[in-house]
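Descriptive structure summary
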Amino acid sequence: MTLRKYCYGNLVTLGEETDFQLFLAQMHLGNIYYDPGIKMENISVKPVVKRRSQFRMSSQFLGSLYKRNEVVDVLMY
């Protein structure tokens, strides 16, 4: 069994002022895509299907959803 470890940095990007037009623009460019998901529970007894729909995008495009972006060093506070 492999032990997973995570490490988080001290730099955080804060985004402010968004609107639906920015979202639509990124979707038009193909940077945001629809990712339907299905979760099944109780498969061996009585299967229950739970659908969840969500949109995904690469973190490199995240700043394009906001009018203002700022990188903050959380260790400075």
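Our structure's up above, just so we're on the same page.
Residues numbered from 1 in each chain as written. Predicted model: local features only at pLDDT ≥ 70, side-chain atom pairs only at ≥ 80, totals over all residues. Heavy atoms only, no water.

**As for the side chain of glutamine 26**
Relative to the helices and strands, glutamine 26 resides in helix 1 (residues 20-29). Within the local environment of glutamine 26, its side chain forms a polar contact with the side chain of asparagine 31, the two groups lying 2.7 Å apart. Separated by 3.2 Å, the side chains of glutamine 26 and serine 64 make a polar contact. (Helix = DSSP H or I, 4+ residues; strand = E, 2+ residues; numbered from the N terminus. Polar contact = N/O pair within 3.5 Å; in protein donor to acceptor, adjacent residues only side chain to side chain.)

**Observations regarding the environment of methionine 40**
Mapped onto the fold, methionine 40 is located in strand 2 (residues 32-41). Placed 18 residues apart in sequence, methionine 40 and serine 58 show a C-alpha to C-alpha distance of 26 Å. Leave out the neighbours within four places in its chain, and methionine 40 touches Pro47, Val48 and Val49. (Contact = heavy atoms within 4.5 Å.)

**Things to note about the packing of aromatic side chains**
Each aromatic ring pair is summarised here by two numbers: the centre-to-centre distance and the angle between the ring planes. Following the criterion strictly, the structure yields three aromatic pairs and no others. Ring geometry for phenylalanine 20 and phenylalanine 23: centres 5.5 Å apart, planes at 15°, overall stacked. Here phenylalanine 20 pairs with phenylalanine 23, and both are found in helix 1, just three residues apart, close to one helical turn. The rings of Phe20, Phe23, Tyr34 and Phe55 are connected pair by pair, giving a single aromatic cluster. (Phe/Tyr/Trp six-rings, centres within 6.5 Å; stacked < 30°, edge-to-face > 60°.)

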